[in-house]
Amino acid sequence: MENFRKVILCLIVIMMGIFCAKCRDPVLHRVGGGRYTWAPNINFEDWSSHEQFFVGDWLYFGFDKHLYNVLEVNKTSYEKCIDKGFIKNVTRGGRDVFNLTEARPYYFLSGRGYCFKGMKVEILVRDYLAPPAVPIVVHKTSAADISGNNIQPVLIATALVWTFLFKYT
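Residues numbered from 1 in each chain as written. Predicted model: local features only at pLDDT ≥ 70, side-chain atom pairs only at ≥ 80, totals over all residues. Heavy atoms only, no water.

Okay, the environment of Asp25 next. Tracing the backbone shows Asp25 in the loop between helix H1 (2-20) and strand E1 (28-30). Looking at Asp25, the relative accessible area reads 66%, which means it is exposed. (Helix = DSSP H or I, 4+ residues; strand = E, 2+ residues; numbered from the N terminus. Buried < 20%, exposed > 50% of the residue type's maximum accessible area, 1.4 Å probe, protein only.)

What follows is the structure, given as structure tokens:
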């Protein structure tokens, strides 16, 4: 009976592993690629094109809060570097994080004229899709297929499994 419990426990652990394989841990993306890279003259378009952003990930903005800020804006404000009427001021202390909660484009810029010096970034966020599971191929067999030489391996395998499962019950 003890082995039977162990087998059931192993099956539960395997099933949990299968379900967790579809999960993904959130990633912290350092905007610009470094610790304090929310600054002028950094190619944020190039940086973001080499990253993959998924729902649940985080953005980290490191900067001098006395000079720069981080504003979430709409697409028009992003394209024209308009820092009025922003959606959210992300700025808190110069080491600020932002959670990407939806699959959509996000637009960020720095006000005070720094947007015109390149301090803006577009982040395209997608839903995470787990890699497809390996398909299980099931072959149909009939009684005619399990005859002659094919019956012995089936019987041996069944006997081994039966012995393993119920040896100590």
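Once the structure has been displayed, the description carries forward.
Let us look at a nonpolar patch on the surface. Residues Leu28, Trp58 and Val97 make up a contiguous nonpolar surface patch of about 270 Å² in total accessible area. Checked against the element boundaries, Val97 lands in strand E6 (residues 95-99). With relative accessibility at 43%, the residue Val97 sits in the partly exposed group. (Patch = residues over 30% accessible without salt bridge, like charges linked within 9 Å, V, L, I, M, F, W, Y side chains within 5 Å. Areas by Shrake-Rupley, 256 points an atom, 1.4 Å probe, with all protein chains shown as cover. Salt bridge = Lys/Arg side-chain N within 4 Å of Asp/Glu carboxyl O.)

Further remarks concern a positive patch on the surface. Together, Arg30, Arg35, Lys65 and Arg95 line one region of the surface with positive charge. With respect to the element layout, Arg35 can be found in the loop between E1 and helix H2 (44-49). When its relative accessible area of 53% is taken as the criterion, Arg35 is described as exposed. (Lys, Arg positive; Asp, Glu negative; His and termini not counted. Charge placed at Lys NZ, Arg CZ, Asp CG, Glu CD.)

Our focus in this paragraph is the sheet that holds E1. Strand order across the open sheet formed by three strands is E1-E3-E6, with mixed pairing between neighbours. Because the sheet does not close on itself, it has two edges, and the strands there are E1 and E6. Pairs of neighbouring strands in the sheet enclose a mean axial angle of 25°, with direction left out of account. Note that E1 and strand E3 (residues 58-62) share three bridges and pair parallel. Paired with Arg30 across the two strands is Tyr60, which belongs to E3. (Pairing = 2+ DSSP bridges. Axes fitted to C-alpha atoms, helices over the stretch in contact; angles between N-to-C directions.)

Let's shift gears to the confidence of the model for the protein chain. With 64% of its residues at a pLDDT of 70 or more, the protein chain has an overall mean of 82. Low confidence marks residues 16-21, where pLDDT is under 50. Its contacts with residues over four positions away, or in another chain, come to one contact. (pLDDT = per-residue confidence, 0-100. Contact = heavy atoms within 4.5 Å.)

Take the state of the cysteines next. A complete count under the given rule lists one disulfide for this structure. Residue Cys81 pairs covalently with Cys115 via a disulfide, S to S 2.1 Å. Disulfide Cys81-Cys115: torsion about the S-S bond near -65°, hence left-handed. Of this pair, Cys81 sits in the loop between helix H3 (75-80) and strand E5 (88-89) while Cys115 sits in the loop between strand E7 (105-109) and strand E8 (120-126), and the two are 34 residues apart along the sequence. (Disulfide = S-S within 2.5 Å.)

Taken as a whole and judged by the stated rule, the model has ten aromatic pairs. Between Phe98 and Tyr106, the ring centres sit 5.6 Å apart and the planes meet at 75°, which makes this aromatic pair edge-to-face. Each member of the pair, Phe98 as well as Tyr106, is classed as buried. An aromatic cluster is present here, built from Trp38, Phe44, Phe61, Phe98, Tyr106 and Phe108 joined pairwise through their rings. One cation-aromatic arrangement involves Arg104 over Tyr106; the distance from NZ or CZ to the ring centre is 3.8 Å. When the ring centre of Tyr78 is taken as reference, the NZ or CZ atom of Lys120 above it lies at 4.7 Å. (Phe/Tyr/Trp six-rings, centres within 6.5 Å; stacked < 30°, edge-to-face > 60°. Lys NZ or Arg CZ within 6 Å of the ring centre and 35° of its normal.)

Now for the nonpolar core. Counting 20 residues, the largest nonpolar core has Trp38, Leu59, Phe61, Phe108 and Ile123 as its most contacted members. Of all the secondary-structure elements, those providing two or more residues to this core are H2, E3, E7 and E8. Counting residues per element, this core draws most heavily on E8, at three residues. Membership of the second largest hydrophobic core comes to seven residues, among which are Leu71, Cys81, Tyr107 and Cys115. (Core = buried A, V, L, I, M, F, W, Y, C linked by side-chain atoms within 4.5 Å.)

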